[in-house]
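Results of the structural survey
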Amino acid sequence: MTQEEMKKLVGQAALAYVQPDTIIGVGTGSTVNHFIDALASIKDQIKAAVSSSEASTARLQALGIHVMDLNEVTEFDIYVDGADEINGGAALTREKIVSAVAKRFICIADATKEVDVLGQFPLPVEVIPLAREYVTRELRKLGGDPVYREGVITDNHCQILDVHGLEIRDAKGMETLINQIPGVVTVGLFAHRGADVALIGSPEGVKTIEK
């Protein structure tokens, strides 16, 4: 089974958590795109979606799914998003905001994203452009090797630093530490608002991990 097939598998599996007549929070990325495509098959059964990025909004609307602004919504049942790594993208700020409003966070990923210690993949940090070089120096003090993701502007008109070389054993502590650096909008760690359910796609099927 290819990685793309595993992504499609978990995207479809996440439909089991969608309740009729509800608003669905939708994240961003290639795995989430499979969830959006699957969601289109039951679009007449849901009220609307709330999206974490302009790219996901465009895909949802192209499939005929109504998208609401988060400011119009008090809360919703589930938020479905992917992960670069999971143990136990560039839209990370909006993803965190949308996930904070959801009652349950459903994380979908393929088996290649499952690691024992976080840090095998670069950690994205969204920064205000003015502060990019300062934040780079501060991240180096933490043992990381930040690389500016050239040509990428987030939906919030900010920039991304991909931090290589970190071994993250205290994810909550690292999330707090990086978020406190002036100029950081947010870091791509979801330790303080971890997934309630993780669906991991593999050649053997979908593994479910619940908090």
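Refer to the structure presented above.
Residues numbered from 1 in each chain as written. Predicted model: local features only at pLDDT ≥ 70, side-chain atom pairs only at ≥ 80, totals over all residues. Heavy atoms only, no water.

Section: the overall build of the protein
Of regular secondary structure, the protein possesses six helices and eleven strands. Its C-alpha atoms give the protein a radius of gyration of 17 Å, within 12% of the compact-globule value 17 Å for 211 residues. For the protein, buried positions account for 48% of its 211 residues. Per element, the accessible surface of the protein, about 10200 Å² overall, is 50% carbon and sulfur. (Helix = DSSP H or I, 4+ residues; strand = E, 2+ residues; numbered from the N terminus. Rg over C-alpha atoms; globule rule 2.2 N^0.38 Å. Buried < 20%, exposed > 50% of the residue type's maximum accessible area, 1.4 Å probe, protein only. Areas by Shrake-Rupley, 256 points an atom, 1.4 Å probe, with all protein chains shown as cover.)

Quick notes on the pairing of strand β2 (residues 48-51)
Of the two faces of β2, the one lined by A48 and V50 and the one lined by A49 and S51 are each fully buried. Judged from the four bridges that link them, strand β1 (residues 23-26) and β2 form a sheet pairing that is parallel. Directly across from I24, in β2, lies its bridge partner A49. Between the parallel pair β1 and β2, the chain is carried across by helix α2 (residues 30-39), and the sense of this crossover is right-handed. As judged from the two bridges shared by β2 and strand β3 (residues 67-68), these two strands associate in the parallel manner. Note on β3: the bridge partner recorded for A49 is V67. One crossover worth recording links β2 to the parallel β3 by way of helix α3 (residues 54-62), and it is right-handed. (Pairing = 2+ DSSP bridges. Right-handed = clockwise from strand over helix to strand, strands pointing away.)

Describing the packing of α2 against α3
When two helices pack together, their arrangement is given by the angle between their axes and by how far apart the axes lie. α3 packs onto α2 with a crossing angle of 25° between their chain directions and a minimal axis gap of 10 Å. The angle between the axes of α2 and α3 places the two elements in the roughly parallel class. The element α2 and its partner α3 pack so that their crossing is right-handed. Listed contacts from α3 to N33, I36, D37 and L39 of α2 are S56, R59 and L60. (Axes fitted to C-alpha atoms, helices over the stretch in contact; angles between N-to-C directions. Parallel < 35°, antiparallel > 145°, perpendicular 65-115°, else oblique. Left-handed = near helix turned anticlockwise from the far one by under 90°. Contact = heavy atoms within 4.5 Å.)

Examining the sheet that holds strand β11 (residues 205-210)
On the basis of which strands lie adjacent, the open sheet formed by seven strands has the order β3-β2-β1-β4-β5-β10-β11 and mixed pairing. Two strands close off the open sheet at either side, each with one partner strand: β3 and β11.

A closer look at a nonpolar patch on the surface
Where nonpolar side chains cluster on the molecular surface, the patch consists of I128, L130 and V185 and spans about 310 Å² of accessible area. Following the sequence through the fold, V185 ends up in strand β9 (residues 184-187). According to the relative accessible area criterion, V185 is partly exposed, its value standing at 32%. (Patch = residues over 30% accessible without salt bridge, like charges linked within 9 Å, V, L, I, M, F, W, Y side chains within 5 Å. Salt bridge = Lys/Arg side-chain N within 4 Å of Asp/Glu carboxyl O.)

Overview of helix α6 (residues 171-179)
Taken together, the buried positions of α6 are A171, M174, E175 and I178. Down the axis of α6, the buried set is contained in an arc of 100°. They therefore lie on one face. Tucked into the core, α6 has its buried residues touching α4 (92-101), β6 (123-127), α5 (132-141) and β9. (Arc of directions from axis to C-beta.)

Geometry only, nothing functional implied.
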